[in-house]
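Residue strings, one per chain:
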Amino acid sequence: MNRVVPCVLMRAGTSRGPFFLREWLPEDDTARDEALIGAIGASDLLQVDGLGGGSTLTSKVAIVSKSSHPGCDVDYLFAQVGVGQKSVDTRPNCGNMLSGVAPFAIEQGLVAAQDGETTVRVYNVNTRSRIDVTVRTPGRRVTYDGDTGIDGVAGTAAPIRLNFLDAWGSVTGSVFPSGQRIDVIHGLEVTCIDAAMPLVIVRARDLGLTGREMPADIDADRVLMERLEALRCAAGEAMGLGDVSNSVVPKPVIASDGDDADSITSRYFTPRRCHASHAVTGAIGVATAFALPGTVISAASARSGVRGISVLHPQGRIDVEVAIEGTGADAGVQRAALVRTARKILQGELHIPDYVFSKLPEGDKEMRKLIAPAAAAALVAAAPAALAQAAFPTKTITIVVPTAAGGGNDAMARTIAQKLGPLLGQTIIIDNRAGANGSIASEFVARATPDGHTLMFGYIATHAMNPALQKLRYDPVADFEPIGMVGTSPTLMVATPSAPVKDVKDLVAQLKAKPDKFAYASAGNGTAPHYAAELFKLSAGVSMTGIPYKGSAPAVTDTIGGQTQFMFPSLFTALPYVKSGKLRALGVAGPKRSALLPDVPTLKEAGIDGVDVTQWYGFFAPAKTPRPVIEKLNATINQVLKDKETEKRIEDHGADVETSTPEQLGALVKSELAKWKSVVQRAKLTAD
């Protein structure tokens, strides 16, 4: 039996797809994704049973709702649905589909139209960034008619202006997440940039290309495509995104000279096929790399101020207006704007086939054959735990990570998920919900359905340090069911290589002579790097300015780049950068030296006692998750952690694998909470 939902089909930019209000779709995220798969017809390559057109450009979905973010009008969640595979990816953003969000929101009554033009501030949920979208609304009604044409679309329509306000570093936390504007990867000079979309840009001539090749010819060169994918995966590691072999970001770009001093030619990939034209977000990233000095495609004449840049693609061009402030290494992008068009194709009811939704377990099917549907529903309501426990897991499992992609927590969670999914027989999705020192992720999981399909990769900050520092909207004990420990990692004191200090003693001497001479980065107030730095200041009797970031990945990036001089990340997070020489290890904030860095002394050996911050990690489920589900998860996670390959990957990064029972993890949370409350009082720490 089909499920019927309202739907608006729109051509937005050079993409096409259905637009939904969030309330039109199932509340549960798994059921929502299954509905999108059915809507597009993702199960086959031609997508004949849905709205898709057999291409990634026509397999896109926009989900819009009233915004929950201050100063924003609507929230926009973009979903890329699979072509020939039942998948939904909400990690990337789509600037083309974005152009349809404002007219859709106005027509659905989410935003009141103004006479003439209406600007809608859109919060993109995927990248946590804001965009002002301006549409024509004569007589307070949206009009799609106009004289503006965009390459790749027949005819003309009303212009829709997209003004990207803060898309810089929205995924990785830094515009140049590798810490530099040019990297050498596999012998090629590349620029890794995160501006609206994470990209790895390589010059066409370095690949033996002109840069003007057509997409079909590029796709047919299998050697080139394999080389490009290897380059992309290596760039993902350098950008702090971890293993990106199963991710659609970063996107590769092959760039070459444009037609004049204000244009650049681009071949953009999706990422394993060359785009027929070009993504809007990709065009912003390319234009940003062109406008800023020091990249592989920097314009011959870099200048500050507003600059119009044309990104040339196989079907024409995208004109981007970029505002640059500063010069040289200090140059940065303030905003970027461009014009798109959109058109409503149809509005009505969409019939979604029942086969795309998760089926009941075999035992439940047989039960329903024997009893009437009403009686079956009553039975399920009366005994949900028995059915859920017998079948668990029945759908995709989401592991919520409270830090940005690319950090140590993210890398550890992804390492475990790769082995955990096959053992449980279900797909596992990593959902990075960084912000508010882990509170956003913690609150989300605490309120999730307690069935074992939404888990949290918690750690010392979310379940001890941050709750000890401030009153939160979740209780680290009452709102969670502990599943089991994953491991521990000592905290390392690191410095940017250019920091003018010889060692810890020299640093202390300089800070005593000139307080706040240096700044330290933290993953946010209430996190382990914050506590370790404050304990260091307290124990050494010095003053140093603290700069909080939204996770360890952007904090490490800015420490590498020299914007901050010191940091106290976990050894798991810092070790790859120490080995590569991007960070300099000064001391271990723990009771003993690390076998991986035997020449690095403890802070106690360096004369600073009392700074012992051992970070720990573990899995949690929402409170009231059935006990048999917790036990199954504990046993399976412990099995993964006994896997030699998993254990080696975690330990090679500086963490010690440590398993536990749910009770042992619960006891650890309680004891750590008490410990850090005492530290807060003694050090007089605040959340500000």
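This text goes with the structure placed above it.
**Student:** Give me the lowdown on the packing of helix α14 (residues 528–540) against helix α19 (residues 662–683), citing residues and values where you can.
**Tutor:** Put simply, α14 and α19 touch, their axes get as near as 11 Å, and they point 45° apart. Judged on the interaxial angle alone, α19 and α14 are oblique. Between α14 and α19 lies a crossing of left-handed hand. Judged by residue contacts, Tyr-531, Leu-535 and Leu-538 of α14 engage Trp-676, Val-679, Val-680, Arg-682 and Ala-683 from α19.

**Student:** Now, about the packing of aromatic side chains: what can you tell me, with residues and values included?
**Tutor:** For the structure on display, the rule yields ten aromatic pairs. Taking the centre distance of 6.4 Å and the plane angle of 10° together, the rings of Tyr-459 and Tyr-617 count as stacked. Residue Tyr-459 is found in strand β20 (residues 454–459), and its partner Tyr-617 is found in strand β26 (residues 614–622); the two are separated by 158 residues along the sequence. For Tyr-459, a relative accessible area of 5% gives the class buried. When the ring of Tyr-531 is compared with that of Trp-676, the centres are 5.1 Å apart and the planes differ by 65°; the resulting orientation is edge-to-face. Here Tyr-531 is found in helix α14, whereas its partner Trp-676 is found in helix α19, with 145 residues between them in sequence. The exposure classification of Tyr-531 matches that of Trp-676, with both residues buried. A connected cluster of aromatic rings, assembled from ring pairs, spans Phe-457, Tyr-459, Tyr-617 and Phe-619. Lying over the aromatic face of Phe-357, Arg-3 brings its terminal NZ or CZ to 3.8 Å of the ring centre. Positioned above the aromatic ring of Phe-444 is the side chain of Arg-433, whose terminal nitrogen or guanidinium carbon lies 3.7 Å from the ring centre.

**Student:** Can you tell me about the nonpolar core, naming the residues and giving the values?
**Tutor:** Grouped together as the largest cluster of nonpolar side chains are 91 residues, with contacts concentrated most on Phe-20 and Val-320. For this core, the leading source of residues is helix α6 (residues 280–291), giving eight residues. With near-sequence residues (within four places) excluded, Val-320 lies in contact with Ala-283, Ile-284, Ala-287, Arg-307, Gly-308, Ile-309, Val-311, Ala-336, Ala-337 and Leu-338. Judged by nonpolar contacts, the second largest core, of 83 residues, contains Leu-420, Met-456, Trp-616 and Val-657.

**Student:** Describe the pattern of salt bridges, and please don't skip the residues or the numbers.
**Tutor:** All chains considered together, the criterion is met by 29 salt bridges. When the shortest N-O distance is used, the salt bridge between Glu-189 and Arg-203 registers 3.0 Å. With Glu-189 in strand β10 (residues 188–194) and Arg-203 in strand β11 (residues 198–203), the pair connects residues that are 14 residues apart, well separated along the chain. Assessed through its relative accessible area of 34%, Glu-189 is described here as partly exposed. Given a relative accessible area of 13%, Arg-203 falls into the buried group. Among the salt bridges present, the one from Glu-321 reaches Arg-335, with a minimum N-O distance of 3.1 Å. With Glu-321 in strand β15 (residues 316–325) and Arg-335 in strand β16 (residues 332–340), the pair connects residues that are 14 residues apart, well separated along the chain. Linked by salt bridges that have partners in common, Arg-22, Asp-29, Arg-32 and Asp-33 make up one network.

**Student:** Report on the pairing of strand β25 (residues 584–589), specifying residues and quantitative values.
**Tutor:** Of all the six residues making up β25, five are buried; the element is thus mostly covered by neighbouring parts of the structure. Note that strand β21 (residues 480–495) and β25 share five bridges and pair antiparallel. Across the sheet, the residue bridging to Thr-491 is Ala-589, located in β25.

**Student:** Tell me about the environment of Leu-57, residues and numbers included.
**Tutor:** For Leu-57, the location among the structural elements is in the loop between α1 (29–40) and β3 (60–66). Sequence separation of Leu-57 and Ala-279 is 222 residues, and the distance between their C-alpha atoms is 9.3 Å.

**Student:** Hey, could you go over the environment of Ile-547 for me, with residue numbers and the actual values?
**Tutor:** Positionally, Ile-547 belongs in strand β23 (residues 545–548). Judged by its relative accessible area of 30%, Ile-547 is partly exposed. Taking the C-alpha atoms as reference, Ile-547 lies 9.1 Å from His-530; in sequence the two are 17 residues apart. Contact partners of Ile-547, with chain neighbours within four places excluded, come to Ala-519, Tyr-520, Ala-521, Ser-522 and Thr-564.

**Student:** Please give an account of α19 that cites residues and values.
**Tutor:** In a regular helix each residue adds 1.5 Å, so 22 residues correspond to 32 Å; α19 covers 31 Å between its end C-alpha atoms and thus fits that length. Those residues of α19 that sit buried are Pro-662, Leu-665, Gly-666, Val-669, Glu-672, Leu-673, Trp-676, Val-679, Val-680 and Ala-683. The buried side chains of α19 occupy one side of the element, clustering within an arc of 145° when seen end-on. Residues of α19 that are exposed and point more than 90 degrees away from the buried face comprise Lys-670, Gln-681 and Arg-682. Its buried side turned inward, α19 meets α12 (460–469), β21, α14, β26 and α17 (627–642). In the stretch just after α19, Lys-684 is the one whose phi turns positive, near 55°.

**Student:** Break down the state of the cysteines for me, with residues and values.
**Tutor:** Scanning the model with the defined rule gives zero disulfides in all. Unpaired in this structure, Cys-94 has its nearest cysteine sulfur neighbour in Cys-7, at a distance of 16 Å. A residue is classified by how much of its surface remains accessible, and Cys-94, at 4% relative accessible area, is buried. A disulfide-free cysteine, Cys-274 has its sulfur positioned 16 Å from the sulfur of Cys-94, the nearest such atom.

The rules behind the values
Residues numbered from 1 in each chain as written. Predicted model: local features only at pLDDT ≥ 70, side-chain atom pairs only at ≥ 80, totals over all residues. Heavy atoms only, no water. Axes fitted to C-alpha atoms, helices over the stretch in contact; angles between N-to-C directions. Helix = DSSP H or I, 4+ residues; strand = E, 2+ residues; numbered from the N terminus. Parallel < 35°, antiparallel > 145°, perpendicular 65-115°, else oblique. Left-handed = near helix turned anticlockwise from the far one by under 90°. Contact = heavy atoms within 4.5 Å. Phe/Tyr/Trp six-rings, centres within 6.5 Å; stacked < 30°, edge-to-face > 60°. Buried < 20%, exposed > 50% of the residue type's maximum accessible area, 1.4 Å probe, protein only. Lys NZ or Arg CZ within 6 Å of the ring centre and 35° of its normal. Core = buried A, V, L, I, M, F, W, Y, C linked by side-chain atoms within 4.5 Å. Salt bridge = Lys/Arg side-chain N within 4 Å of Asp/Glu carboxyl O. Pairing = 2+ DSSP bridges. Expected span 1.5 Å × (residues − 1). Arc of directions from axis to C-beta. Disulfide = S-S within 2.5 Å.

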